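Residues per chain are reported as follows:
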Amino acid sequence: MGEWRRMLTQAPKGTHDILPDEIDKWIFVEQKFAQICRRFGYREIRLPVFEHTELFQRGVGDTTDIVQKEMYTFEDKGGRSLTLRPEGTAGVVRSYIEHGMASLPQPTKLFYNITAYRYEKMQKGRFREFHQLGVELFGAADASADAEVISLLVLFFDSLKIKNLTLNLNSIGCPECRAAYNQKLKDFLADKIGNMCETCKERIDRNPMRILDCKDEGCRQHLKEAPVLLDHICDDCRVHFEKVTQKLQEIGIHHEIDRGIVRGLDYYNRTVFEFVSRNIGSQGTVCGGGRYDGLIETCGGAPTPGIGFAIGVERLLLEMESQGIGIPAQPGPVIYLGSIGEKAEKLCERLAWELRSEGITCIKDIMGRSVKAQMKYADKLGARYALIIGDNEVESNKASLKDMKTGEFKDISLDTLIDRLVKIRETD
Ligand code: HAM
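Read on for an overview of the structure. (Residues numbered from 1 in each chain as written. Predicted model: local features only at pLDDT ≥ 70, side-chain atom pairs only at ≥ 80, totals over all residues. Heavy atoms only, no water.)

## Here's the deal with the sheet that holds strand 11 (residues 306-312)
Spatial ordering of the open sheet is given by 1-5-6-11-10-9-7-8, a layout of 8 strands whose pairing is mixed. Pairing within the sheet leaves two strands with one partner each, and these edge strands are strand 1 (43-44) and strand 8 (256-257). As paired strands, strand 5 (residues 108-117) and strand 6 (residues 129-138) are joined by 10 bridges and run antiparallel to one another. The residue of strand 6 that forms the bridge with Leu110 is Glu136. Lying on the sheet, helix 10 (residues 235-251) is in contact with strand 7 (166-171), strand 8, strand 9 (269-276) and strand 10 (285-291); it crosses strand 7 at an angle near 160 degrees. (Pairing = 2+ DSSP bridges. Helix = DSSP H or I, 4+ residues; strand = E, 2+ residues; numbered from the N terminus. Contact = heavy atoms within 4.5 Å. Axes fitted to C-alpha atoms, helices over the stretch in contact; angles between N-to-C directions.)

Following this line, the structure appears as C-alpha coordinates:
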(Lines give C-alpha, C1' and ligand atoms only; values in the text may rest on other atoms or scores of the structure.)
Protein backbone atom coordinates (compact mmCIF):
# COMPACT_ATOMS: atom_id res chain seq x y z
CA MET A 1 0.00 0.00 0.00
CA GLY A 2 2.82 2.40 1.00
CA GLU A 3 4.63 1.61 -2.25
CA TRP A 4 1.43 2.18 -4.29
CA ARG A 5 0.88 5.50 -2.60
CA ARG A 6 4.43 6.59 -3.36
CA MET A 7 4.06 5.59 -7.01
CA LEU A 8 0.83 7.56 -7.34
CA THR A 9 2.06 10.69 -5.62
CA GLN A 10 5.78 10.97 -6.47
CA ALA A 11 7.41 11.43 -9.88
CA PRO A 12 9.86 8.70 -10.94
CA LYS A 13 13.41 9.08 -9.60
CA GLY A 14 15.51 11.35 -11.77
CA THR A 15 12.60 13.30 -13.21
CA HIS A 16 11.34 16.67 -12.04
CA ASP A 17 8.26 18.77 -12.59
CA ILE A 18 8.66 22.32 -13.82
CA LEU A 19 6.13 24.19 -11.72
CA PRO A 20 4.28 27.41 -12.65
CA ASP A 21 6.52 29.40 -10.28
CA GLU A 22 9.59 28.31 -12.26
CA ILE A 23 8.23 28.28 -15.78
CA ASP A 24 8.97 31.94 -16.61
CA LYS A 25 12.72 31.44 -16.36
CA TRP A 26 12.50 28.34 -18.59
CA ILE A 27 10.52 30.25 -21.20
CA PHE A 28 12.90 33.21 -20.93
CA VAL A 29 15.97 31.04 -21.56
CA GLU A 30 14.29 29.05 -24.36
CA GLN A 31 13.15 32.21 -26.14
CA LYS A 32 16.58 33.85 -25.84
CA PHE A 33 18.14 30.71 -27.31
CA ALA A 34 15.71 30.62 -30.25
CA GLN A 35 16.31 34.33 -30.85
CA ILE A 36 20.11 33.98 -30.94
CA CYS A 37 19.94 30.83 -33.09
CA ARG A 38 17.74 32.63 -35.64
CA ARG A 39 20.22 35.50 -35.66
CA PHE A 40 22.80 33.00 -36.94
CA GLY A 41 20.42 31.55 -39.54
CA TYR A 42 19.27 28.43 -37.66
CA ARG A 43 15.73 27.07 -37.96
CA GLU A 44 13.95 25.00 -35.34
CA ILE A 45 13.40 21.28 -35.70
CA ARG A 46 11.13 19.08 -33.52
CA LEU A 47 11.61 15.34 -33.44
CA PRO A 48 10.10 12.24 -31.82
CA VAL A 49 11.06 11.42 -28.24
CA PHE A 50 11.86 7.83 -29.25
CA GLU A 51 13.78 6.43 -32.18
CA HIS A 52 14.87 2.98 -33.35
CA THR A 53 17.41 1.65 -30.85
CA GLU A 54 19.85 0.94 -33.71
CA LEU A 55 20.15 4.68 -34.43
CA PHE A 56 21.77 5.32 -31.05
CA GLN A 57 23.78 2.09 -31.09
CA ARG A 58 25.37 3.10 -34.38
CA GLY A 59 25.22 6.86 -33.98
CA VAL A 60 26.23 7.43 -30.36
CA GLY A 61 28.37 4.26 -30.39
CA ASP A 62 27.87 0.87 -28.78
CA THR A 63 30.98 1.13 -26.58
CA THR A 64 29.83 4.35 -24.88
CA ASP A 65 28.44 4.48 -21.34
CA ILE A 66 25.26 5.97 -22.81
CA VAL A 67 24.53 2.95 -25.01
CA GLN A 68 25.96 0.28 -22.74
CA LYS A 69 24.49 1.44 -19.44
CA GLU A 70 22.10 4.35 -19.68
CA MET A 71 19.48 3.96 -22.39
CA TYR A 72 15.77 3.61 -21.76
CA THR A 73 15.10 0.87 -24.28
CA PHE A 74 11.79 -0.95 -24.67
CA GLU A 75 9.97 -3.19 -27.06
CA ASP A 76 6.70 -1.84 -28.44
CA LYS A 77 3.64 -3.99 -29.05
CA GLY A 78 4.84 -4.59 -32.62
CA GLY A 79 8.08 -6.12 -31.34
CA ARG A 80 10.29 -3.16 -32.37
CA SER A 81 13.15 -2.10 -30.14
CA LEU A 82 12.77 1.59 -29.44
CA THR A 83 14.78 3.93 -27.22
CA LEU A 84 13.95 7.23 -25.54
CA ARG A 85 16.49 9.65 -27.02
CA PRO A 86 19.54 9.97 -24.75
CA GLU A 87 20.62 13.04 -26.77
CA GLY A 88 19.53 15.04 -29.82
CA THR A 89 22.23 14.73 -32.48
CA ALA A 90 21.47 11.21 -33.75
CA GLY A 91 17.77 12.04 -34.27
CA VAL A 92 18.57 15.27 -36.13
CA VAL A 93 21.00 13.37 -38.38
CA ARG A 94 18.34 10.72 -39.04
CA SER A 95 15.86 13.43 -39.98
CA TYR A 96 18.43 15.25 -42.17
CA ILE A 97 18.92 12.04 -44.17
CA GLU A 98 15.25 10.98 -44.21
CA HIS A 99 14.03 14.33 -45.52
CA GLY A 100 16.81 14.81 -48.07
CA MET A 101 17.97 18.05 -46.45
CA ALA A 102 21.27 17.70 -48.32
CA SER A 103 19.41 19.12 -51.32
CA LEU A 104 18.57 22.33 -49.42
CA PRO A 105 20.89 25.32 -49.79
CA GLN A 106 23.92 24.41 -47.70
CA PRO A 107 24.90 24.61 -44.93
CA THR A 108 21.80 23.33 -43.14
CA LYS A 109 21.44 24.94 -39.71
CA LEU A 110 19.01 23.45 -37.20
CA PHE A 111 18.29 24.11 -33.53
CA TYR A 112 16.23 22.19 -30.99
CA ASN A 113 14.77 22.28 -27.51
CA ILE A 114 14.33 18.72 -26.24
CA THR A 115 13.98 16.41 -23.29
CA ALA A 116 16.56 13.60 -23.16
CA TYR A 117 16.72 10.40 -21.12
CA ARG A 118 19.67 8.64 -19.49
CA TYR A 119 19.60 6.09 -16.69
CA GLU A 120 22.28 7.77 -14.58
CA LYS A 121 23.00 8.06 -10.86
CA MET A 122 21.13 11.07 -9.51
CA GLN A 123 23.23 14.03 -8.40
CA LYS A 124 22.89 17.79 -8.27
CA GLY A 125 22.64 18.77 -11.93
CA ARG A 126 22.25 15.18 -13.12
CA PHE A 127 18.83 13.79 -13.96
CA ARG A 128 17.30 10.86 -15.81
CA GLU A 129 14.98 13.12 -17.74
CA PHE A 130 16.69 16.41 -18.55
CA HIS A 131 16.44 19.22 -21.10
CA GLN A 132 18.82 20.25 -23.83
CA LEU A 133 19.02 23.28 -26.10
CA GLY A 134 21.20 22.45 -29.06
CA VAL A 135 22.20 23.15 -32.63
CA GLU A 136 23.44 20.99 -35.50
CA LEU A 137 25.17 22.45 -38.54
CA PHE A 138 25.56 20.25 -41.63
CA GLY A 139 27.69 20.74 -44.72
CA ALA A 140 30.44 23.08 -43.48
CA ALA A 141 33.86 21.50 -42.97
CA ASP A 142 35.94 24.62 -42.46
CA ALA A 143 37.20 25.86 -39.10
CA SER A 144 35.04 28.97 -39.63
CA ALA A 145 32.01 26.80 -38.84
CA ASP A 146 33.57 25.59 -35.56
CA ALA A 147 34.33 29.17 -34.53
CA GLU A 148 30.87 30.40 -35.52
CA VAL A 149 29.08 27.66 -33.54
CA ILE A 150 31.17 28.50 -30.47
CA SER A 151 30.54 32.23 -30.95
CA LEU A 152 26.78 31.56 -30.97
CA LEU A 153 27.16 29.98 -27.54
CA VAL A 154 29.22 32.85 -26.20
CA LEU A 155 26.61 35.33 -27.41
CA PHE A 156 23.83 33.27 -25.82
CA PHE A 157 25.59 33.11 -22.43
CA ASP A 158 26.33 36.84 -22.68
CA SER A 159 22.68 37.58 -23.43
CA LEU A 160 21.78 35.83 -20.17
CA LYS A 161 24.50 37.82 -18.38
CA ILE A 162 26.28 34.59 -17.39
CA LYS A 163 29.92 35.21 -16.57
CA ASN A 164 32.95 33.06 -15.95
CA LEU A 165 32.11 29.90 -17.85
CA THR A 166 35.37 28.37 -19.05
CA LEU A 167 35.50 27.26 -22.67
CA ASN A 168 37.67 24.14 -22.85
CA LEU A 169 38.78 23.02 -26.28
CA ASN A 170 40.53 19.97 -27.67
CA SER A 171 41.03 18.07 -30.90
CA ILE A 172 40.54 14.33 -30.97
CA GLY A 173 41.76 13.98 -34.56
CA CYS A 174 40.23 11.94 -37.36
CA PRO A 175 39.77 8.16 -37.72
CA GLU A 176 43.19 7.90 -39.38
CA CYS A 177 45.24 9.63 -36.70
CA ARG A 178 43.12 8.01 -34.01
CA ALA A 179 43.95 4.51 -35.29
CA ALA A 180 47.66 5.15 -34.71
CA TYR A 181 46.90 6.71 -31.32
CA ASN A 182 44.69 3.81 -30.28
CA GLN A 183 47.60 1.45 -30.89
CA LYS A 184 49.86 3.61 -28.70
CA LEU A 185 47.22 3.62 -25.99
CA LYS A 186 46.84 -0.15 -26.20
CA ASP A 187 50.61 -0.61 -25.85
CA PHE A 188 50.61 1.74 -22.86
CA LEU A 189 47.76 -0.17 -21.19
CA ALA A 190 49.05 -3.67 -22.00
CA ASP A 191 50.48 -4.29 -18.50
CA LYS A 192 47.72 -2.37 -16.69
CA ILE A 193 44.49 -3.60 -18.23
CA GLY A 194 44.46 -6.78 -16.11
CA ASN A 195 43.92 -4.57 -13.03
CA MET A 196 41.26 -2.36 -14.58
CA CYS A 197 37.44 -2.64 -14.52
CA GLU A 198 35.44 -5.05 -16.67
CA THR A 199 34.15 -2.26 -18.92
CA CYS A 200 37.71 -1.12 -19.69
CA LYS A 201 38.76 -4.73 -20.38
CA GLU A 202 35.93 -5.03 -22.85
CA ARG A 203 36.78 -1.70 -24.51
CA ILE A 204 40.51 -2.28 -24.98
CA ASP A 205 40.03 -4.13 -28.27
CA ARG A 206 36.84 -2.52 -29.53
CA ASN A 207 37.48 1.14 -28.73
CA PRO A 208 40.55 1.81 -26.56
CA MET A 209 40.00 5.58 -26.50
CA ARG A 210 36.71 5.06 -24.62
CA ILE A 211 38.80 3.84 -21.68
CA LEU A 212 39.90 7.44 -21.15
CA ASP A 213 36.27 8.17 -20.27
CA CYS A 214 36.12 5.62 -17.40
CA LYS A 215 34.92 7.12 -14.14
CA ASP A 216 36.30 4.32 -11.92
CA GLU A 217 38.89 5.85 -9.57
CA GLY A 218 41.18 2.78 -9.79
CA CYS A 219 41.18 2.93 -13.60
CA ARG A 220 41.79 6.68 -13.55
CA GLN A 221 44.99 6.09 -11.54
CA HIS A 222 46.29 3.77 -14.29
CA LEU A 223 45.51 6.40 -16.91
CA LYS A 224 47.51 9.23 -15.34
CA GLU A 225 50.52 8.85 -17.62
CA ALA A 226 48.55 7.74 -20.71
CA PRO A 227 49.65 9.20 -24.07
CA VAL A 228 47.71 12.34 -24.99
CA LEU A 229 45.74 12.30 -28.23
CA LEU A 230 46.42 15.95 -29.08
CA ASP A 231 50.13 15.09 -29.29
CA HIS A 232 49.38 12.48 -31.96
CA ILE A 233 46.93 14.10 -34.37
CA CYS A 234 47.83 14.34 -38.08
CA ASP A 235 48.93 17.50 -39.87
CA ASP A 236 45.49 18.20 -41.40
CA CYS A 237 43.78 17.90 -38.03
CA ARG A 238 46.45 20.08 -36.41
CA VAL A 239 46.02 22.81 -39.05
CA HIS A 240 42.22 22.68 -38.55
CA PHE A 241 42.61 22.98 -34.80
CA GLU A 242 45.05 25.88 -35.07
CA LYS A 243 42.63 27.66 -37.40
CA VAL A 244 39.80 27.23 -34.90
CA THR A 245 41.83 28.63 -32.01
CA GLN A 246 43.11 31.48 -34.18
CA LYS A 247 39.60 32.42 -35.27
CA LEU A 248 38.38 32.38 -31.68
CA GLN A 249 41.23 34.69 -30.75
CA GLU A 250 40.33 37.00 -33.61
CA ILE A 251 36.71 37.22 -32.39
CA GLY A 252 38.00 37.75 -28.85
CA ILE A 253 36.72 34.49 -27.35
CA HIS A 254 38.88 33.29 -24.51
CA HIS A 255 39.44 29.54 -24.42
CA GLU A 256 41.65 26.99 -22.77
CA ILE A 257 43.10 23.89 -24.35
CA ASP A 258 42.05 20.86 -22.29
CA ARG A 259 43.95 17.87 -23.64
CA GLY A 260 41.85 15.54 -21.51
CA ILE A 261 38.48 16.12 -23.24
CA VAL A 262 37.41 13.00 -25.14
CA ARG A 263 33.60 13.41 -24.79
CA GLY A 264 31.22 10.57 -23.96
CA LEU A 265 29.88 9.95 -27.47
CA ASP A 266 31.69 8.14 -30.28
CA TYR A 267 30.73 10.32 -33.23
CA TYR A 268 33.18 13.16 -32.65
CA ASN A 269 36.28 13.97 -34.67
CA ARG A 270 38.59 16.98 -34.63
CA THR A 271 37.19 19.84 -32.53
CA VAL A 272 35.52 19.00 -29.21
CA PHE A 273 34.61 21.57 -26.59
CA GLU A 274 32.85 22.09 -23.28
CA PHE A 275 31.70 25.12 -21.30
CA VAL A 276 32.37 24.45 -17.65
CA SER A 277 31.24 26.19 -14.49
CA ARG A 278 33.10 26.18 -11.19
CA ASN A 279 29.98 27.15 -9.23
CA ILE A 280 27.52 24.29 -9.51
CA GLY A 281 29.43 21.28 -8.21
CA SER A 282 30.80 18.16 -9.83
CA GLN A 283 28.30 18.26 -12.70
CA GLY A 284 29.73 21.55 -13.91
CA THR A 285 29.67 20.94 -17.66
CA VAL A 286 26.90 23.25 -18.82
CA CYS A 287 27.42 22.54 -22.51
CA GLY A 288 29.26 20.02 -24.66
CA GLY A 289 29.75 19.72 -28.38
CA GLY A 290 32.05 19.13 -31.27
CA ARG A 291 32.56 18.15 -34.87
CA TYR A 292 31.22 14.85 -36.24
CA ASP A 293 32.24 14.59 -39.90
CA GLY A 294 31.63 10.82 -40.17
CA LEU A 295 28.24 10.52 -38.46
CA ILE A 296 25.95 11.22 -41.40
CA GLU A 297 27.70 8.55 -43.45
CA THR A 298 27.61 6.11 -40.51
CA CYS A 299 23.85 6.61 -40.37
CA GLY A 300 23.40 5.94 -44.10
CA GLY A 301 23.70 9.42 -45.67
CA ALA A 302 26.24 10.83 -48.10
CA PRO A 303 29.54 11.93 -46.52
CA THR A 304 28.71 15.32 -44.96
CA PRO A 305 30.58 17.29 -42.31
CA GLY A 306 28.68 18.21 -39.17
CA ILE A 307 29.18 20.13 -35.94
CA GLY A 308 26.96 21.04 -33.01
CA PHE A 309 26.47 21.30 -29.27
CA ALA A 310 23.89 20.81 -26.55
CA ILE A 311 23.38 22.85 -23.40
CA GLY A 312 21.96 21.17 -20.29
CA VAL A 313 19.13 23.52 -19.32
CA GLU A 314 18.92 22.36 -15.67
CA ARG A 315 22.63 23.11 -15.27
CA LEU A 316 22.31 26.42 -17.07
CA LEU A 317 19.55 27.49 -14.66
CA LEU A 318 21.60 26.31 -11.66
CA GLU A 319 24.47 28.43 -12.94
CA MET A 320 22.21 31.47 -13.35
CA GLU A 321 20.91 30.97 -9.84
CA SER A 322 24.41 30.64 -8.40
CA GLN A 323 25.36 33.91 -10.12
CA GLY A 324 22.23 35.61 -8.77
CA ILE A 325 20.83 36.21 -12.26
CA GLY A 326 17.09 36.80 -12.27
CA ILE A 327 14.73 37.34 -15.17
CA PRO A 328 12.45 40.32 -15.79
CA ALA A 329 9.35 40.06 -13.54
CA GLN A 330 6.26 38.86 -15.36
CA PRO A 331 3.21 41.14 -14.92
CA GLY A 332 0.14 39.86 -13.07
CA PRO A 333 -3.38 40.07 -14.57
CA VAL A 334 -4.46 43.51 -15.76
CA ILE A 335 -7.81 43.33 -14.01
CA TYR A 336 -9.73 41.28 -11.51
CA LEU A 337 -13.52 41.30 -11.97
CA GLY A 338 -15.59 40.45 -8.93
CA SER A 339 -19.36 40.30 -8.57
CA ILE A 340 -22.12 40.14 -6.01
CA GLY A 341 -25.45 38.76 -7.11
CA GLU A 342 -26.74 37.00 -10.19
CA LYS A 343 -27.22 40.01 -12.51
CA ALA A 344 -23.76 41.32 -11.65
CA GLU A 345 -22.28 37.88 -12.33
CA LYS A 346 -23.87 37.87 -15.80
CA LEU A 347 -22.47 41.33 -16.56
CA CYS A 348 -19.04 40.24 -15.32
CA GLU A 349 -19.12 37.23 -17.61
CA ARG A 350 -19.83 39.45 -20.61
CA LEU A 351 -17.19 42.01 -19.62
CA ALA A 352 -14.60 39.28 -19.04
CA TRP A 353 -15.33 37.83 -22.48
CA GLU A 354 -14.91 41.23 -24.13
CA LEU A 355 -11.75 42.10 -22.22
CA ARG A 356 -10.12 38.75 -23.03
CA SER A 357 -11.15 39.11 -26.67
CA GLU A 358 -9.29 42.43 -26.69
CA GLY A 359 -6.19 40.64 -25.38
CA ILE A 360 -6.45 41.90 -21.80
CA THR A 361 -5.58 39.44 -19.02
CA CYS A 362 -8.69 39.33 -16.91
CA ILE A 363 -9.42 37.07 -13.96
CA LYS A 364 -12.99 36.86 -12.75
CA ASP A 365 -14.60 35.31 -9.73
CA ILE A 366 -15.85 31.77 -10.35
CA MET A 367 -16.17 30.73 -6.73
CA GLY A 368 -19.01 32.98 -5.52
CA ARG A 369 -16.84 34.30 -2.67
CA SER A 370 -17.44 37.31 -0.44
CA VAL A 371 -16.20 40.72 -1.62
CA LYS A 372 -13.49 40.68 1.05
CA ALA A 373 -12.26 37.26 -0.06
CA GLN A 374 -12.36 38.33 -3.71
CA MET A 375 -10.25 41.43 -3.04
CA LYS A 376 -7.75 39.35 -1.09
CA TYR A 377 -7.51 36.97 -4.03
CA ALA A 378 -7.06 39.86 -6.52
CA ASP A 379 -4.21 41.13 -4.35
CA LYS A 380 -2.54 37.70 -4.21
CA LEU A 381 -2.73 37.40 -8.00
CA GLY A 382 -0.94 40.75 -8.33
CA ALA A 383 -3.82 42.22 -10.37
CA ARG A 384 -3.13 45.79 -11.52
CA TYR A 385 -6.82 46.85 -11.18
CA ALA A 386 -9.89 45.41 -9.50
CA LEU A 387 -13.54 46.07 -10.15
CA ILE A 388 -16.37 44.73 -8.03
CA ILE A 389 -19.82 44.81 -9.59
CA GLY A 390 -23.07 44.59 -7.63
CA ASP A 391 -26.74 45.41 -8.32
CA ASN A 392 -26.10 49.20 -8.10
CA GLU A 393 -23.37 49.02 -10.69
CA VAL A 394 -25.56 46.96 -13.03
CA GLU A 395 -28.28 49.58 -12.80
CA SER A 396 -26.08 52.68 -13.17
CA ASN A 397 -23.66 51.06 -15.62
CA LYS A 398 -20.90 52.66 -13.56
CA ALA A 399 -18.38 51.16 -11.15
CA SER A 400 -15.41 52.04 -9.02
CA LEU A 401 -12.10 50.90 -10.51
CA LYS A 402 -9.49 50.20 -7.84
CA ASP A 403 -5.86 50.87 -8.66
CA MET A 404 -4.21 48.05 -6.71
CA LYS A 405 -0.83 49.84 -6.68
CA THR A 406 -2.03 53.08 -5.09
CA GLY A 407 -5.24 51.89 -3.43
CA GLU A 408 -7.15 54.73 -5.14
CA PHE A 409 -10.67 54.35 -6.55
CA LYS A 410 -11.92 56.00 -9.74
CA ASP A 411 -15.57 56.02 -10.90
CA ILE A 412 -15.84 54.87 -14.48
CA SER A 413 -18.57 54.05 -16.94
CA LEU A 414 -18.62 50.34 -17.75
CA ASP A 415 -19.02 51.24 -21.46
CA THR A 416 -15.56 52.77 -21.43
CA LEU A 417 -13.86 50.06 -19.36
CA ILE A 418 -12.35 48.22 -22.28
CA ASP A 419 -11.05 51.33 -24.06
CA ARG A 420 -9.65 52.59 -20.81
CA LEU A 421 -7.81 49.36 -20.01
CA VAL A 422 -6.45 49.09 -23.55
CA LYS A 423 -5.06 52.63 -23.18
CA ILE A 424 -3.68 51.94 -19.71
CA ARG A 425 -2.01 48.74 -20.97
CA GLU A 426 -0.32 50.75 -23.70
CA THR A 427 1.05 53.41 -21.35
CA ASP A 428 1.53 51.55 -18.05
P1 HAM B 1 26.53 15.62 -23.87
O2 HAM B 1 27.84 16.17 -23.39
O3 HAM B 1 26.27 14.20 -23.59
O4 HAM B 1 26.46 15.92 -25.41
O5 HAM B 1 25.35 16.47 -23.26
C6 HAM B 1 25.30 17.87 -23.43
C7 HAM B 1 24.93 18.54 -22.11
O8 HAM B 1 23.71 18.00 -21.61
C9 HAM B 1 25.92 18.31 -20.98
O10 HAM B 1 27.01 19.20 -21.05
C11 HAM B 1 25.07 18.57 -19.76
O12 HAM B 1 24.97 19.95 -19.51
C13 HAM B 1 23.71 18.05 -20.20
N14 HAM B 1 23.49 16.71 -19.64
C15 HAM B 1 23.95 15.53 -20.09
N16 HAM B 1 23.52 14.51 -19.31
C17 HAM B 1 22.76 15.07 -18.34
C18 HAM B 1 22.02 14.56 -17.23
N19 HAM B 1 21.95 13.25 -16.96
N20 HAM B 1 21.34 15.44 -16.45
C21 HAM B 1 21.37 16.77 -16.73
N22 HAM B 1 22.04 17.31 -17.75
C23 HAM B 1 22.73 16.48 -18.55
C24 HAM B 1 25.39 15.61 -26.20
O25 HAM B 1 24.33 15.25 -25.79
C26 HAM B 1 25.64 15.88 -27.66
N27 HAM B 1 24.46 15.44 -28.42
C28 HAM B 1 25.94 17.34 -27.90
C29 HAM B 1 26.21 17.64 -29.34
C30 HAM B 1 25.33 18.15 -30.23
N31 HAM B 1 27.33 17.40 -29.97
C32 HAM B 1 27.20 17.74 -31.23
N33 HAM B 1 25.99 18.19 -31.41
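Still to come is the rest of the account.
## Section: helix 12 (residues 313-322)
The element helix 12 is largely enclosed, with a buried count of 7 among its 10 residues. Within helix 12 the residues assigned to the buried category are Val313, Glu314, Arg315, Leu316, Leu317, Glu319 and Met320. Summarising the contacts, the buried residues of helix 12 are in contact with helix 2 (20-39), strand 6, helix 6 (143-159), strand 10 and strand 11. Phi turns positive one or two residues past the end of helix 12, at Gly324, with a value near 65 degrees. (Buried < 20%, exposed > 50% of the residue type's maximum accessible area, 1.4 Å probe, protein only.)

## Describing the pairing of strand 16 (residues 409-413)
As paired strands, strand 15 (residues 398-403) and strand 16 are joined by 5 bridges and run antiparallel to one another. Across the sheet, residue Leu401 finds its bridge partner in strand 16, namely Lys410. Where strand 15 folds back on strand 16, the antiparallel hairpin that results is connected by 5 residues, among which Gly407 adopts a positive phi of roughly 85 degrees.

## A word on the packing of helix 6 against helix 10
Where helix 6 meets helix 10, the closest approach of the two axes is 8 Å, and the angle between their N-to-C directions is 45 degrees. Between helix 6 and helix 10, the angle falls in the class oblique. Crossing of helix 6 over helix 10 shows right-handed handedness. Contacts between helix 6 and helix 10 involve Ala143, Ser144, Asp146, Ala147, Ile150 and Ser151 from the first element and His240, Lys243, Val244, Lys247, Leu248 and Ile251 from the second. Per-class residue counts for the contact of helix 6 with helix 10 are 6 nonpolar, 3 polar and 3 charged. (Parallel < 35°, antiparallel > 145°, perpendicular 65-115°, else oblique. Left-handed = near helix turned anticlockwise from the far one by under 90°. Nonpolar A, V, L, I, M, F, W, Y, C, P; charged D, E, K, R; others polar.)

## Observations regarding the side chain of Arg263
Of note, Arg263 is situated in the loop between strand 8 and strand 9. The exposure class assigned to Arg263 is buried, which follows from its relative accessible area of 12%. For Arg263, the side chain forms a polar contact with the side chain of Glu274, separated by 3.1 Å. (Polar contact = N/O pair within 3.5 Å; in protein donor to acceptor, adjacent residues only side chain to side chain.)

## Focus: the pattern of salt bridges
Taken as a whole and assessed by the stated rule, the structure comprises 25 salt bridges. In this structure, Lys201 engages Glu198 in a salt bridge whose closest nitrogen and oxygen atoms are separated by 3.2 Å. Residue Lys201 and its partner Glu198 are located together in helix 8 (residues 198-206), separated by 3 residues, close to a single helical turn. Residue Arg384 is joined to Asp403 by a salt bridge in which the shortest nitrogen-to-oxygen separation is 2.7 Å. Of this pair, Arg384 sits in the loop between helix 14 (371-381) and strand 14 (385-389) while Asp403 sits in strand 15; the two residues are 19 residues apart in sequence, bridging distant segments of the chain. Both residues of the pair, Arg384 and Asp403, belong to the buried class. (Salt bridge = Lys/Arg side-chain N within 4 Å of Asp/Glu carboxyl O.)

## Some remarks on the state of the cysteines
Taken as a whole, this structure holds 0 disulfides when the rule is applied. Looking at the unpaired Cys234, the closest cysteine sulfur is the one in Cys237, lying at 3.6 Å. (Disulfide = S-S within 2.5 Å.)

## Here we look at the environment of Phe28
Take Phe28: it is sitting in helix 2. Along the sequence, Phe28 and Cys174 sit 146 residues apart, while their C-alpha atoms lie 38 Å from each other. Phe28 has contacts with Leu160, Ile327 and Pro328, leaving out every residue within four places of it along the chain.

## Considerations on the nonpolar core
Phe33, Phe156, Phe157, Phe309 and Ile311 are the most contacted members of the largest nonpolar core, which totals 49 residues. Ranked by the residues each element gives to this core, the list is headed by helix 6, at 9 residues. One finds Phe56, Val60, Met196 and Ala226 within the second-largest nonpolar core, a separate group that totals 44 residues. (Core = buried A, V, L, I, M, F, W, Y, C linked by side-chain atoms within 4.5 Å.)

## What about the site of the ligand?
Near the ligand, the surroundings consist of 27 residues, among which Glu87, Glu120, Phe127, Tyr268 and Thr285 are the closest. Contact between the ligand and Glu87: a nitrogen atom at 2.6 Å from a side-chain N or O atom of the residue. In this structure, an oxygen atom belonging to the ligand sits 2.9 Å away from a side-chain N or O atom of Arg118. In isolation the ligand offers 660 Å² of accessible surface; the protein chains occlude 96% of this area. (Near = heavy atom within 4 Å. Areas by Shrake-Rupley, 256 points an atom, 1.4 Å probe, with all protein chains shown as cover.)

## A look at the side chain of Arg85
Along the polypeptide, Arg85 turns up in the loop between strand 4 (81-84) and helix 5 (89-98). Buried and unpaired, Arg85 has Glu51 as its nearest opposite-charge partner, separated by 6.6 Å. Among the polar contacts made by the side chain of Arg85, one reaches the main-chain carbonyl oxygen of Pro48 at a distance of 3.1 Å. (Lys, Arg positive; Asp, Glu negative; His and termini not counted.)

## Some thoughts on unusual backbone geometry
For residues that are not glycine, phi is negative in most cases, and the peptide bond is trans in most cases. Note the cis peptide between Gln106 and Pro107, where omega equals 0 degrees. Among the secondary structure elements, Pro107 is positioned in the loop between helix 5 and strand 5. Residue Lys161 is not a glycine yet carries a positive backbone phi of 65 degrees. Position of Lys161 among the secondary structure elements: in the loop between helix 6 and strand 7. Assessed through its relative accessible area of 61%, Lys161 is described here as exposed.

## With respect to the packing of aromatic side chains
According to the stated counting rule, one finds 12 aromatic pairs in the structure shown. A ring pair is formed by Phe33 and Phe111, whose centres lie 6.1 Å apart and whose planes are at 80 degrees; its orientation type is edge-to-face. Residue Phe33 is located in helix 2, and its partner Phe111 is located in strand 5; the two are separated by 78 residues in the primary sequence. Each of the two residues, Phe33 as well as Phe111, counts as buried. Within the aromatic cluster, the residues linked to one another by ring pairs are Phe33, Phe111, Phe156, Phe157, Phe275 and Phe309. A cation over a ring is seen here: Arg128 above Tyr119, with NZ or CZ 4.1 Å from the ring centre. (Phe/Tyr/Trp six-rings, centres within 6.5 Å; stacked < 30°, edge-to-face > 60°. Lys NZ or Arg CZ within 6 Å of the ring centre and 35° of its normal.)

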